[in-house]
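Tertiary structure, described
One-letter residues, chain by chain:
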Amino acid sequence: MSGSTPAAIVTEGLGRDYGSVRALDALDLDVPAGALVGLLGPNGAGKTTAMLLLATLLRPTRGNARILGHHVVGARGSVRRALGLVFQETSVDGLLTVEENLRFAARLAGLGGGRMRDAVAGAIERAGLGPRSGQPARQLSGGWRRLLDIARATLHRPDVLILDEPTVGLDPEHRELIWTILATERRERRVTILFSTHYLAEAEPADRVVLLSRGRVVADDAPAALRAGVGAEVAEIEGPGAERLVRALRGLGAVATVLRTERGYRVGISREREAVMELSLAAAGIERLQLRPASLEDVYFARTRGAGA
Amino acid sequence: MTAWNAIVGIVARDLARTTRQTSRLLGGVVRPFMWLLLVGTGYNAIARVEGGLPYHAFVFPGIVVMAALFGAMLTAIATVYDREFGMLRLMLASPAGVPAVLTGRAIAAALVGLVQGGIVLACAPLMVPVTPGELGAAVGALALAAASSALLGLLVAARLRSVENFAGVINVVLFPLLFVSGALYPTAGMPPVLRLLATVNPVTYQVDLVRHALGQAGEFTVGKDLIVLLCTMASAFGLTALLFDPEQRFLGGTSQRTPEAPEAAAGAGPAPG
């Protein structure tokens, strides 16, 4: 936290148990205003729990959290006013039209009269829902329903957006539309966005990625730094001779991480690229060898499955 | 202003939804008239109520309350659909808070009950001797009956986790409330156990109040009816507010949730974690 402007999201040892099961162990975040932060991890890792804690819909078992300086337990009303939420499943009333859904959401956010009408009109325009505004929401495709969700979450112009898998199940066109809207919100209003996703490429532009596994933070850094931790490049090696080659690469001292996959190995290469290529091309029993830049997917597998250096 | 706008939004939404569910709306209006026709006419031939009142005149206040009870309670219990489809979570996450959400839902459900009961009540001059003043008093009594039914419906909905239980609730909650209330037969003739149940049944006092308003002899005083119904409403609202809190923190709900369903613990239906 710096100066007079509080950080957008701060959590200190934030955790939550369900009975004897620890769903979220201890999450520490310090997210400055305007940042884009990706929360990644397998199903059941604690992402949704973390988001619901920040959204004031769950109470922490331990630790605490603040949104724009407001405590999520002691100042729920202030936190809720500052937040725009998109849940994992769409929150759309199929019996209402698109516009009625947004009017309902605007009123829930405390808007009325002219402010409500302006907010709804703005949200419809930003999400490109104009031609569909009078249509019953049940007639919308999954993509447009999700855009309606995004329009709903942003219509009261919140400073912080918490988005739980906002693009899950959508085609690339609608995913692109959603990320364009969110990018505009960040650019024009410096909105802070915390999102979860299983499409790891969506987290590449994030300022920071927090990777959860079984309720614990297993990685927390900028995407580039996380990728560098895996290795500058990753060699995908398949075939009966793969294990022998990996041993040889280890002997070369060029290996940052090794991950066993269903079909072979993913080896993070930290240096000696030319030597690695020479050794790999000369190796027997290799059916597939591909050297490519490291990705967040490599980080994901290395950190959630465990990797040996 | 935040709470007020939220209440207006919830009422507007619920009423819009109700008017678009035409079969449910039609059923709510037709049901009491079918009871009047089938039960009222049939029993009129064989039953005489103490005081010489024809059965159809005796049963009329009960049928008015029945229309309001079903309309208000079913609209309120439909909250379980909102829980299932994520809309309840949206409301609970709003700055307005649980009391505003409950107030909005209760007003909407009560209005539906009032309209459905009011349609039956409008036929009062055809069924019972009634003055305009009595009719006006009956509208007031009906409003109280609808409001208390709505809050009871919300209390039921607070404990329902899935729409599959919806039909069961009608059989297990609504019909017993109606049958053990003096709506269809005087509580005086009931066996002691049923009579005791009728005494603790809020619908008994709804029927009694409407009966008083329509100029018929009631079992309790108007004052007692009013006190019981107002106390029922206050306690139902308070208890429902605790139960609707996403964490149900006063009732030990937090520790019972599984990690596979954090969203269920947060006021939504089943969802992956």
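Residues numbered from 1 in each chain as written. Chains lettered and ligands numbered in written order. Predicted model: local features only at pLDDT ≥ 70, side-chain atom pairs only at ≥ 80, totals over all residues.

**So, the overall build of chain B**
- When helices and strands are counted, chain B shows 13 helices and two strands.
- In chain B, which comprises 273 residues, the share counted as buried stands at 49%.
- Considering only contacts in chain B between residues 6 or more positions apart, those separated by 24 or more positions represent 74%. (Helix = DSSP H or I, 4+ residues; strand = E, 2+ residues; numbered from the N terminus. Buried ≥ 20, exposed ≤ 12 C-beta atoms within 10 Å, placed from the backbone. Contact = placed C-beta atoms within 7 Å.)

**Re the domain arrangement of chain A**
All names here are of chain A.
- Domain boundaries assigned for chain A yield domain 1 (9–220) and domain 2 (225–305).
- One C-alpha centre belongs to domain 1, the other to domain 2; they are set 36 Å apart.
- Each partner contributes residues to the interface: domain 1 has 11 residues there, and domain 2 has eight residues.
- Listed by contribution, the elements that provide at least two residues to the side of domain 1 that touches domain 2 are β9 (208–213) and β10 (216–221).
- Per-element accounting of the side of domain 1 that touches domain 2 gives the leading share, three residues, to β9.
- Residues belonging to the side of domain 1 that touches domain 2 are distributed by class as follows: eight nonpolar, two polar and one charged. (Domains from an automatic or database assignment. Nonpolar A, V, L, I, M, F, W, Y, C, P; charged D, E, K, R; others polar.)

**Quick notes on helix α10 (residues 296–305) of chain A**
- Taking burial as the measure, the 10 residues of α10 of chain A include seven buried ones, the bulk of the element.
- For α10 of chain A, the set of buried residues is Leu-296, Asp-298, Val-299, Tyr-300, Phe-301, Ala-302 and Arg-303 of chain A.

**Considering the packing of helix α3 (residues 55–77) of chain B against helix α9 (residues 166–179) of chain B**
All names here are of chain B.
- Direction vectors running N to C along α3 and α9 enclose 150°, while the axes themselves pass 11 Å from each other. With respect to α9, the element α3 is oriented roughly antiparallel. For the element pair α3 and α9, the recorded crossing hand is right-handed. Contacts from Met-66, Leu-69, Phe-70, Met-73 and Ile-77 in α3 reach Phe-166, Val-169, Leu-174, Leu-177 and Leu-178 in α9. (Axes fitted to C-alpha atoms, helices over the stretch in contact; angles between N-to-C directions. Parallel < 35°, antiparallel > 145°, perpendicular 65-115°, else oblique. Left-handed = near helix turned anticlockwise from the far one by under 90°.)

**Quick look at the sheet that holds strand β5 (residues 70–71) of chain A**
All names here are of chain A.
- Read from one edge of the open sheet, four strands run β2-β1-β4-β5, paired in antiparallel fashion. On the outer flanks of this sheet lie β2 (21–31) and β5, each paired with one strand and no other.
- As judged from the seven bridges shared by strand β1 (residues 9–18) and β2, these two strands associate in the antiparallel manner. Residue pairing across strands places Ile-9 opposite Val-31, the latter belonging to β2. (Pairing = 2+ DSSP bridges.)

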